[in-house]
Amino acid sequence: MPERDRDQSVEQLLRRVMSHDVTPLQGACVDGETLAAWSEGSLRGAEASAVERHVAECSRCRAMMASFVRSTPPAPVPDSLWRRWHLAWAVPLATAATAAAIWVALPNNSAEPLPPVQTNARALDERNAARSSEPAAAERAQPAAPAQAGARAVRPQEEKAKVAESATNEVRQRADRSESRELSDLQARGAAPVPQAEASLPAAPAPPAASVASPAAAGAAAAERAEADSKKEVAANSAAAPRAAARQAFAPNQIVATDGTTRWRIVNGQQVERSTDAGASWTPAAITSTDALSGAAAPSASVCWIVGARGAVYVTTDGTRFVRVPFPEIVDLTSVSATDGLTATVSSAEGRSWRTTDQGRTWAAPR
Amino acid sequence: MSSWRPSDSAVTHLYQQSRADRWSVPVAVFATALERSARKAFVTPPEPRDLERLLGSLHLEDLALACACASGHEGAWEHFVREHRPVLYRAADAIDPTGGSREIADSLYGELFGLVERSGERRSLLEYFHGRSSLSTWLRAVLAQRHVDRVRSTRRFEPMPEEEPTTPARSEEQPQSRISEYIQLMRRAVTGAVSRLPAKDRLRLAYYYAEDLTLAQIGRALGEHEATVSRNLAKARREIRTDVERHLREQEHMNPSQIDECFEAVVEDVGSLDVSDLLGAGSDQPDSSGSPGGRRKDSRDKRSKERPEGASA
């Protein structure tokens, strides 16, 4: 009998043998909280092994874990090679384009810092802002042309138009690339990629995501406005209000959790603060880092991953206390995307990525 | 000195970390919650170092929120409703897309709120949360447990599924009694081989063959990549086959021809099911379709699409 047929026999028997109802007495089953802690990887040593042995034997707990897994959102699909290559060369270009657009759009706003790293959470915030407040973005773009006409009146109009058009193209390319990637990330994570739903999150009264417009969005709008102005030769004397709104658009680097109200920010490169009221107030989180922190992702209100220089990876699953996650290499990590407290993908400055699904106990080989 | 109760200084420190003051949780209440967590984790009073390690690993903010909600703090409940209630209902929908688990989620939410009286006193289910996992994960785990218990209890009262058509062509030259004997022999051999595998391998096999999880889902459950799950399943199956062959050869003293007949007997028996299969397989499967008969069909459909490496067609 060929080996393949024997394998088939074994498979058929396995379906029957494994399906047998082997359930210990009710009291002997592992309680829900212990199973939950085990599934999060919070149990250690003998306790974890005991739970694993029990679940392997007990059909009730096994079925419970199966249901539990079915309710777990899927992990993100890793980026394909071409896409990573695409982004690798696009990063410096996009940065330069954004900087140029900001410089053109906000000549008087030199004090505002630029966000150092693009993260998924940040990107979500940006897209929210771009989609939920398009009229507002257009309004914010108002000062772009006036600013050029006023503060930079010495520059010839033709040159101004050329710069604006170049910035427009580059920023548009960046926005397109960025948005397509984020959309696919979100879809992979099971997040609802419905603009209206996302826009409704940060709606109205409070400041949240809608009011924190992105440099890309505002920059693109500004550049578009500048382009239009260069064609129409619209003179400009813009009021302070839109300019203030534009300044507000460049709020400090914040990572917005998927609930829309919880936010994180990196302060002074080594400290982390958290806001649970959409940025109205901030409290410091417990993190001990001697390395410069640069990227973060917050897949939920209580989970946040932060990466930084020299292989620094931190995660919190309770929203306040960050723990250092072991990382196999000493490289400067610049960005992270995560789906929960266990699964995250970190990327280094040179474009390599590592993935963990067990909160850093193991990392997939660099790609 | 061994004790379940943390020192006052530790309580103060943990209280600050938990931000329990947001919900005006009294320090004494929080200290009691910490002690309860310690009593649950340790059978005997732990050494201070072990206690410190445990308390440091707790999800303190969630524990504080649970304390506040259990005591009826309005702000805490608003936070819970905003942050955690959606998790509960999303999980219910994911477990049973037909909406069957929504009822369980409703009931669970009622218990969390403290609608159910125990011994004449309204108590919230949140009092049973000890902070060892995050609150959201705990909610999903409790929901999954209740879902499974309900499925298991309902299954026992459902009619037996109709069997799919059996495959014909059972070998005429082999008497029925010998085929049955071979099948029983093979079942014992496979059961023994499985029991000798490490727990993780057994769990992986059970997730795949008994629970019908996909490779990706098993990967999420065990913290492995999908491809690794596939490789490990194939490896476990190879080990089982080798173990069964050795058992038949060395323990049952069968020659190669008889061993072949044993394996063939199982293949030819593909369509038949015995009562123990039905009772065993049908009683613990949280089948979202609600159709016990449909499960096997679904299972086979899935297998045809997704097979671990080296699996036979």
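Let us look at the structure shown here. (Residues numbered from 1 in each chain as written. Chains lettered and ligands numbered in written order. Predicted model: local features only at pLDDT ≥ 70, side-chain atom pairs only at ≥ 80, totals over all residues.)

### Points about the nonpolar core
Okay, step 1: Counting residues in each nonpolar core, the largest one holds 98 residues, and the members touching the most others are Ala64, Cys67, Leu143, Met186 and Val190 of chain B.
Okay, step 2: Among the nonpolar cores identified, the runner-up in size contains 31 residues, and Trp264, Ala312, Val315 and Trp363 of chain A belong to it. (Core = buried A, V, L, I, M, F, W, Y, C linked by C-beta atoms within 7 Å. Buried ≥ 20, exposed ≤ 12 C-beta atoms within 10 Å, placed from the backbone.)

### So, the sheet that holds strand β8 (residues 323–324) of chain A
Residue and element names in this part refer to chain A.
Okay, step 1: Here we have 4 strands laid out as an open sheet, ordered β5-β6-β7-β8, and antiparallel in their pairing. Looking along the sheet, the strands with just one partner apiece sit at the ends: β5 (293–297) and β8.
Okay, step 2: Taken together, the 2 bridges between strand β7 (residues 312–316) and β8 define a ladder with antiparallel strand orientation. Paired with Tyr314 across the strands is Arg324, a residue of β8. (Pairing = 2+ DSSP bridges. Helix = DSSP H or I, 4+ residues; strand = E, 2+ residues; numbered from the N terminus.)

### Section: the packing of helix α10 (residues 199–210) of chain B against helix α11 (residues 215–222) of chain B
Residues and elements named next belong to chain B.
Okay, step 1: Contact pair α10 / α11: the axes reach a minimum separation of 10 Å and the direction vectors enclose 145°. Where α10 crosses over α11, the two elements pack in a sense that is right-handed. In this structure, α10 contributes Lys200, Arg204, Tyr207 and Tyr208 to the contact, and α11 contributes Ile218, Ala221 and Leu222. (Axes fitted to C-alpha atoms, helices over the stretch in contact; angles between N-to-C directions. Left-handed = near helix turned anticlockwise from the far one by under 90°. Contact = placed C-beta atoms within 7 Å.)

### What to know about the environment of Leu35 of chain A
Okay, step 1: Secondary-structure assignment places Leu35 of chain A in helix α2 (residues 32–39).
Okay, step 2: Put simply, Leu35 of chain A and Met64 of chain A are 29 residues apart on the chain and 9.1 Å apart in space, counted from C-alpha to C-alpha.
Okay, step 3: Ignoring anything within four residues of it in the chain, the contact list for Leu35 of chain A reads Val30, Val51, Cys61, Met64 and Met65 of chain A together with Ala141 of chain B.

### As for the interface of chain A and chain B
Okay, step 1: Listed by partner, the interface residues are 61 residues for chain A and 68 residues for chain B.
Okay, step 2: Elements represented by at least two residues in the side of chain A that touches chain B include exactly α1 (3–18), α2, α3 (45–57) and α4 (59–70) of chain A.
Okay, step 3: Here the side of chain A that touches chain B is built from residues that sort into 23 nonpolar, 19 polar and 19 charged. (Nonpolar A, V, L, I, M, F, W, Y, C, P; charged D, E, K, R; others polar.)

### Brief notes about the environment of Arg150 of chain B
Okay, step 1: Take Arg150 of chain B: it is sitting in helix α8 (residues 135–155).
Okay, step 2: For Arg150 of chain B and Ser101 of chain B, which are 49 residues apart along the polypeptide, the C-alpha to C-alpha distance reads 9.6 Å.

What is shown is where atoms sit, not what they do.
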